[in-house]
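Commentary on secondary and tertiary structure
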Amino acid sequence: MDLLPLSPRGETPVRALTIAGTDSGGGAGIQADSRTMAMCGVHACVAVAAVTVQNSVGVRGFHEIPAETVADQVRCVVEDIGVSAAKTGMLASTQIIEAVAQVCSEVGIGRDMEVPLVVDPVCASMHGDPLLHSDALDAIRGVLIPLATVVTPNLDEVRLITSIEVVDDASARRAAEALHALGTQWVIVKGGHLRSSEKSTDLLFDGDRFLEFSTPRIETGNDHGGGDTLAAAIASALAHGRSVPEAVEFAKEWITKCLEWSYDLGHGHGPVNPLWRLHER
Ligand SMILES: Nc1ncnc2c1ncn2[C@@H]1O[C@H](COP(=O)(O)OP(=O)(O)O)[C@@H](O)[C@H]1O
Ligand SMILES: Cc1ncc(COP(=O)(O)OP(=O)(O)O)c(N)n1
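Here the structure is a predicted model, which is why all the values come from computation and not from measurement.

**Here's the deal with the site of ligand 2**
Taken together, the neighbourhood of ligand 2 is formed by 16 residues, with Gln54, Met126, His224, Gly225 and Asp228 sitting nearest. Side-chain polar atom of His224 to an oxygen atom of ligand 2: 2.9 Å apart, as the coordinates give it. At a separation of 3.4 Å, an oxygen atom of ligand 2 approaches a polar backbone atom of Gly226. In isolation ligand 2 offers 430 Å² of accessible surface; the protein chains occlude 95% of this area. At the level of secondary structure, the elements contributing two or more residues to the shell around ligand 2 comprise strand E1 (14-23), strand E2 (42-54) and helix H7 (226-239).

Structure (C-alpha cells):
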C-alpha cells in the first residue's frame, strides 16, 4: 500500500491532536490513536477526556476529566505546538462535548476551518459497555456532528444517533443521508458490524456522492480498537494534506493491514496492530 511518509531524522513531523479516553488495556482510545499516528509519520498530541478501567474482556468503569481541563489541553497544545488535523473519540458527557466543541471553534478546528476534525462518536465498547452517558446523545447530534469534517460511526452508533437499523446498502445510504443532515461535511457509515457479509464495506457520503470502500472480511475476533484506528488513520492522512476521500481510502487499507496483523491478548478481544509497518516495508 501507499504509506504516509515518516519525517527524516531531526525534522519536525506534522502534528495531529486526539481528544479521547485512555484504555488501560492499551488496545483502543488514545493508545490506539497514538500508535497509528506515530506509524503514519505524525506526532500525536493528546487531550485526555476520560480514564477507562478496561481490559480485553470489557470496561469496568470510567473517570471523567473536568470539562475545562479537557478544553485547556486543546488550547495549550494548539497555541504552542500547532496541529494540522484533530480527532475526537470517547468524550463521555454532555459537559465535555460542549467544552470540546467550544474550544475547537475558538482555535479553528472543525469543518470549514483551518484544521479538519474527524469525529468518532464513541458511545459504547465492543462488549456493549457504556463509554458515553445516554443523555449526551443530544450533544453528539446537535453540537459535535455539526462541527465535524468527517464523522465515523459504527452501526450501533448509527442506530443510537439516527434510529436507523443498517442491514444492507439501501439502509446504509439512508443512514448516511440522515447523519449528513445533522451538519457534518462528510460521513462514513462503517460496515464492520455487518458480519453476515463476505466483505467489509464503508460508505462515504458528502451530501452529493456516495463512495464505497470495500475489502474482503478478515476472520478474526482480535478487532479491539478498530474504529479508533480507522479514524486516527484518516486524521493522519488529513494532517499530511490528503483530501477526505484520499484519507479514507488510505485509512481503509491501513485498518485492513492492522486487522491482518492483530494478535491475541488477555482472555477477550485482542487489539488491531499498527506496528505491522515495522515488519513490512
Ligand atoms: N472483520 C473485518 N474485516 C475487514 N475489515 C473490518 C473487519 N471488521 C471491521 N473492519 C473495518 O474496520 C473498521 C472499523 O469498523 P467497525 O468494526 O465497524 O467499527 P468499530 O471498531 O468502531 O466498532 C472499518 O473500516 C471496517 O470496515
Ligand atoms: C477509551 C476507549 N475509547 C474508545 C473505545 C472504543 O474503541 P473502538 O475502536 O471504537 O471500538 P472497539 O474496540 O470497542 O470495537 C474504547 N473501547 N475505549
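**Description of the pairing of strand E4 (residues 85-88)**
Residues in a regular strand point their side chains to alternate faces of the sheet. The two faces of E4 match: Ala85 and Lys87 on one face and Ala86 and Thr88 on the other face are all buried. With four bridges joining them, E1 and E4 adopt parallel strand pairing. Its bridge partner being in E4, Thr18 is matched across the sheet by Lys87. In terms of strand pairing, E4 meets strand E5 (residues 117-119) through three bridges, oriented parallel. Residue Lys87 lies in a different strand from E5, and its bridge partner there is Val118. Crossover E4 to E5 through helix H3 (residues 94-107) is right-handed.

**Details of the environment of Asp129**
Its location among the elements puts Asp129 in the loop between E5 and helix H4 (137-144). Counting along the chain gives 75 residues from Asp129 to Gln54, while the straight-line C-alpha distance between them is 9.9 Å. For Asp129, the contacting residues outside a window of four places in its chain are Gly58, Val59 and Ala124. Within the structure, the side chain of Asp129 is placed 2.8 Å from the backbone nitrogen of Val59, a separation counted as a polar contact.

Here is what the cut-offs are and how they apply
- Residues numbered from 1 in each chain as written.
- Chains lettered and ligands numbered in written order.
- Predicted model: local features only at pLDDT ≥ 70, side-chain atom pairs only at ≥ 80, totals over all residues.
- Heavy atoms only, no water.
- Near = heavy atom within 4 Å.
- Polar contact = N/O pair within 3.5 Å; in protein donor to acceptor, adjacent residues only side chain to side chain.
- Areas by Shrake-Rupley, 256 points an atom, 1.4 Å probe, with all protein chains shown as cover.
- Helix = DSSP H or I, 4+ residues; strand = E, 2+ residues; numbered from the N terminus.
- Buried < 20%, exposed > 50% of the residue type's maximum accessible area, 1.4 Å probe, protein only.
- Pairing = 2+ DSSP bridges.
- Right-handed = clockwise from strand over helix to strand, strands pointing away.
- Contact = heavy atoms within 4.5 Å.

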